[in-house]
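Take a look at the letters that make up each chain.
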Amino acid sequence: MLAEANTMRPERARPADTLVSIEGLKMHFPVYKGVLRRKVGAVQAVDGLSFDIMRGETLGLVGESGCGKSTTGRAILGLYRPTAGKVHFGGEDVAAIEGERLRRLRPKMQMIFQDPQASLNPRMTVGSIVAEPLVEHQVAKAGERRARVRELLDQVGLNPDYVNRYPHEFSGGQRQRIGIARALALDPDFIVCDEPIAALDVSIQAQVVNLLQDLQHRLGLTYLFISHDLSMVRHIADRVAVMYLGKMVELADVDALFSKPKHPYTRALLSAVPVPDPKIEADRRRILLKGDLPDAANPPKGCRFCTRCPEAVAQCFDVEPEWRDLEGGRKVACHLAN
Amino acid sequence: MKTVFHTQDGLIHAVNGVSFHLDEGELLAVVGESGSGKSVAMMSLLQLLPIPPAEIASGRVAFEGQDLVRLSASGIRQVRGARIGFIFQDPMTSLNPVFTVGFQIMEPLRTHLGMSRRQARKRAAELLELVGIPGAAARLNDYPHQFSGGMRQRVMIAIALACDPKVLIADEPTTALDVTVQAQILELVKDLRQRLGMAIIWITHDLGVAAGIADRIIVMYGGQIVEHARIGELFENPRHPYTRALLDSLPGRHKANEKLRSIGGQPPLLTREPDFCPFSARCSHVHDRCRAENPPLERVSESHDVACWWDKERRAISGGQLPESVHAR
Ligand SMILES: Nc1ncnc2c1ncn2[C@@H]1O[C@H](COP(=O)(O)OP(=O)(O)OP(=O)(O)O)[C@@H](O)[C@H]1O
Ligand SMILES: Nc1ncnc2c1ncn2[C@@H]1O[C@H](COP(=O)(O)OP(=O)(O)OP(=O)(O)O)[C@@H](O)[C@H]1O
Ligand code: SF4
Ligand SMILES: [Mg+2]
Ligand SMILES: [Mg+2]
């Protein structure tokens with residue numbers, strides 16, 4: 001398995017204090033049907049998440065398409081009003097505060113998107129794209145703003161003389177840098193990176209990941225790093241959270257998670273990742289999951305993974321497993337894990 | 001094979017002198033970054049490109065004693081979907097939402113093999129079962145939207161396999177899928193290969209996928225093959241600077257807390273006459289010759305080919321025999 005490859009990792013500085021605290025977070029989207037557009041149910045996109053993000057860390061968030069990763073990220077940033085639960089950012093309840101205090105809090109939390117192409121307005125110059133948050137939040141005067149934009153471009157490795165160019169004149173990796181520069185404009189503490197490298201070529205991905213790590217060290221940033229690329233998550237994250245169908249199933253230090261996954265879904269996920277080494281691949285056993293991801297509007301009773309879990313016992317089809325603590329600061333939601 | 005596109009901004013040299021062979025029953029992986037010409041090369045093979053803007057400037061594709069490039073429209077149609085199955089990631093060849101899945105599998109059976117409705121239906125159910133769709137016969141009347149992404153990809157494979165082709169060409173067939181679904185498809189392909197013994201060309205940008213399923217691998221860059229080798233050899237002893245840098249940039253090959261080694265710069269625009277090495281703008285071993293002359297693909301050992309001036313000089317210095325230290329990266 002992927003796990004054995006490099007388990008020796010020097011102890012990282014463990015950040016101690018909590019920056020973001022998520023408690024019982026639920027985000028349900030109503031489903032309407034018929035001519036009367038009656039509500040017939042709800043997609044339980046995110047259904048009861050509780051976890052903390054530590055100051056200065058990178059928390060990886062992984063799981064299959066549609067399991068609720070982006071929704072989690074957006075709800076944390078207050079872009080959705082959650083169906084239930086609380087998000088505390090630096091001690092303040094993101095959903096409850098309004099007005100001036102929200103305006104002060106907002107800039108501290110930013111987002112970087114998957115598709116650099118779609119998230120940049122093609123009719124705006126790079127300079128005005130990066131300056132937009134500064135204008136919106138009325139930070140600095142025009143002259144200072146121009147200087148700040150140049151500084152930001154420089155910080156992400158783009159030539160500051162490119163301020164008057166348009167997004168289409170840049171490559172994918174460069175466009176992602178523009179998105180990062182914009183996210184940095186207001187000096188955030190926390191950035192949700194939603195699949196920031198998924199649209200990039202392998203040879204360009206490394207550039208962007210290195211940049212994100214550099215910036216983290218220099219500016220003391222905290223990341224929620226959403227990705228389906230488990231080998232990149234293993235490289236960049238301090239801790240990793242695994243989601244399945246709107247629930248978190250496991251959370252652990254990156255080494256612990258990759259070397260001793262506790263949840264059957266995590267085990268299946270890790271075993272499915274192709275390893276770029278023909279020798280390892282030659283005699284690798286995969287845990288193949290049967291069937292498809294169930295409908296998030298109509299999730300299975302008991303454990304949400306029970307319909308596909310290779311290890312499920314009777315209890316799993318009946319009782320939902322608790323999100324509980326294990327040794328070493330790990331968390332898991334499985335009846336069998338210990 | 002040379003394929004160019006005529007555009008408003010001039011010629012695009014999308015595929016520039018690509019040559020390779022495919023043995024019976026083997027799996028050949030093609031890797032390379034976006035825009036390196038992987039799809040255009042394979043579509044040229046089967047006359048699937050719109051002409052114009054595309055033009056196959058030169059080339060020959062020998063298959064069962066015929067040259068596919070010279071075949072008439074009806075001749076190539078006989079081959080396509082019958083002797084050579086293909087799964088391409090473009091809308092032209094993906095599932096049609098208004099027809100049932102069963103109809104779409106049965107169509108090639110009826111046109112190419114002249115089966116009756118009943119025969120074709122029976123075979124379609126068998127095929128769906130073969131690609132691991134539960135309750136296959138009952139699902140023939142379903143429409144594509146009633147299937148998940150992974151199941152649709154299985155249906156595409158079933159269609160490609162319908163007429164028992166000798167060769168299957170699959171262009172990024174698992175790229176859009178989740179890793180757990182991808183794992184299912186990869187196991188399926190391994191299994192089908194053993195049972196049906198067809199040759200496969202598998203285009204991917206994931207070196208991990210290639211490592212798991214391929215016998216040989218072609219690395220493309222800027223419209224050209226820059227390296228070709230048996231799969232184990234390529235990973236153990238990569239020779240082209242692009243291949244080496246690509247392998248080096250993979251996160252799995254780094255120690256913890258080590259910075260990823262990235263390749264600086266951008267892939268080339270393919271608008272210039274290809275009279276220089278396409279990797280020269282980003283290569284750490286670049287020298288004058290690389291900018292003045294395009295290195296030819298040369299054999300360096302049994303089934304290992306490289307197109308690089310630096311590597312050629314390396315070989316010359318060591319008299320064809322490389323000292324161990326050169327291998328160590
Ligand atoms: N605005 C919305 N309205 C209705 N349903 C939504 C909305 N946003 C997301 N969903 C649904 O919620 C679920 C979770 O979606 P989400 O985008 O969070 O998944 P994800 O894990 O980010 O997936 P991916 O890896 O594909 O990006 C999905 O079933 C999705 O269809
Ligand atoms: N119809 C077209 N007109 C002009 N140029 C084209 C056309 N189709 C492809 N090209 C160009 O040909 C080159 C090769 O494209 P191709 O689709 O083969 O790349 P690829 O290796 O398959 O990339 P990807 O990994 O993104 O699929 C690209 O530079 C592309 O811009
Ligand atoms: S030919 Fe020159 S530029 Fe091209 S890969 Fe070799 S050393 Fe680098
Ligand atoms: Mg998402
Ligand atoms: Mg392609």
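Located above this text is the structure these notes cover.
Calculation rules
- Residues numbered from 1 in each chain as written.
- Chains lettered and ligands numbered in written order.
- Predicted model: local features only at pLDDT ≥ 70, side-chain atom pairs only at ≥ 80, totals over all residues.
- Heavy atoms only, no water.
- Near = heavy atom within 4 Å.
- Polar contact = N/O pair within 3.5 Å; in protein donor to acceptor, adjacent residues only side chain to side chain.
- Areas by Shrake-Rupley, 256 points an atom, 1.4 Å probe, with all protein chains shown as cover.
- Helix = DSSP H or I, 4+ residues; strand = E, 2+ residues; numbered from the N terminus.
- Nonpolar A, V, L, I, M, F, W, Y, C, P; charged D, E, K, R; others polar.
- Pairing = 2+ DSSP bridges.
- Axes fitted to C-alpha atoms, helices over the stretch in contact; angles between N-to-C directions.
- Parallel < 35°, antiparallel > 145°, perpendicular 65-115°, else oblique.
- Left-handed = near helix turned anticlockwise from the far one by under 90°.
- Contact = heavy atoms within 4.5 Å.
- Phe/Tyr/Trp six-rings, centres within 6.5 Å; stacked < 30°, edge-to-face > 60°.
- Buried < 20%, exposed > 50% of the residue type's maximum accessible area, 1.4 Å probe, protein only.
- Right-handed = clockwise from strand over helix to strand, strands pointing away.

Undergrad: Please set out the site of ligand 2 residue by residue, giving values where relevant.
TA: Residues and elements named next belong to chain B. Ser-34, Gly-35, Lys-38, Ser-39 and Val-40 are the nearest of the 14 residues found near ligand 2. Ser-36 is positioned such that a nitrogen or oxygen atom in its backbone is 3.2 Å from an oxygen atom of ligand 2. Contact distances for ligand 2 include 2.9 Å between an oxygen atom and a backbone N or O atom of Gly-37. Coverage of ligand 2 by the protein amounts to 65% of the 640 Å² it exposes when considered alone. Secondary-structure elements contributing two or more residues to the shell around ligand 2 are β1 (2-7), β2 (10-16) and α1 (38-45). Here the shell around ligand 2 is composed, by residue class, of 5 nonpolar, 6 polar and 3 charged.

Undergrad: With reference to specific residues and values, describe the pairing of strand β2 (residues 38-54) of chain A.
TA: Residue and element names in this part refer to chain A. Both strand β1 (residues 18-33) and β2 contribute to a ladder of 13 bridges, which runs antiparallel. When the sheet's bridge partners are listed, Ser-21 is paired in β2 with Asp-52. Between the end of β1 and the start of β2, which pair antiparallel, lie 4 residues, with Gly-34 showing a positive phi angle near 80 degrees.

Undergrad: I'd like a rundown of the packing of helix α6 (residues 172-184) of chain A against helix α7 (residues 202-219) of chain A, residues and numbers included.
TA: Residues and elements named next belong to chain A. Relative to each other, α6 and α7 sit at 20 degrees, their axes nearing to 10 Å. Judged by the angle between their axes, α6 and α7 are roughly parallel. Between α6 and α7 lies a crossing whose hand is right-handed. Only Ile-204, Gln-207, Val-208, Leu-211, Leu-212, Leu-215 and Leu-219 of α7 make contact with α6, whose side of the interface consists of Gly-173, Gln-176, Arg-177, Ile-180 and Leu-184.

Undergrad: Go over the packing of aromatic side chains with me, naming the residues and quoting the values.
TA: Residues and elements named next belong to chain A. One pass over the structure, following the stated rule, counts 10 aromatic pairs over all chains. Ring centres of Phe-89 and Phe-190 lie 6.2 Å apart, and the angle between their planes is 45 degrees; on these two criteria the pair is classed as tilted. Of the two residues, Phe-89 is situated in strand β4 (residues 84-89) and Phe-190 in strand β7 (residues 190-194); the sequence distance between them amounts to 101 residues. Phe-190 matches Phe-89 in its accessibility class, with the two residues each being buried. A centroid spacing of 4.9 Å and a plane angle of 75 degrees characterise the contact between Tyr-244 and Phe-305, whose relative ring orientation is edge-to-face. One end of the pair, Tyr-244, is in strand β9 (residues 239-244); the other, Phe-305, is in the loop between α11 (278-282) and β11 (324-326), and 61 residues separate them in sequence. Taken individually, Tyr-244 and Phe-305 each receive the classification buried, so the pair is uniform in this respect. What links up through ring pairs into an aromatic cluster is the set Tyr-244, Tyr-265 and Phe-305.

Undergrad: Account for the pairing of strand β9 (residues 199-203) of chain B, with residues named and values stated.
TA: Residue and element names in this part refer to chain B. When you tally the buried positions in β9, you get 5 out of 5 residues, the bulk of the element. By the alternation rule, side chains of β9 split into Ala-199, Ile-201 and Ile-203 and Ile-200 and Trp-202, which are all buried. The sheet contact formed by strand β3 (residues 27-32) and β9 spans 4 bridges and is parallel. Within β9, the position partnered with Leu-28 by the bridge is Ile-201. Sheet topology places strand β8 (residues 167-171) next to β9; 5 bridges connect them, and they run parallel. Considered in β9, the bridge of Ile-169 is made with Ile-201. A crossover connection joins β8 to the parallel β9 through helix α7 (residues 179-196); in handedness this β-α-β unit is right-handed.

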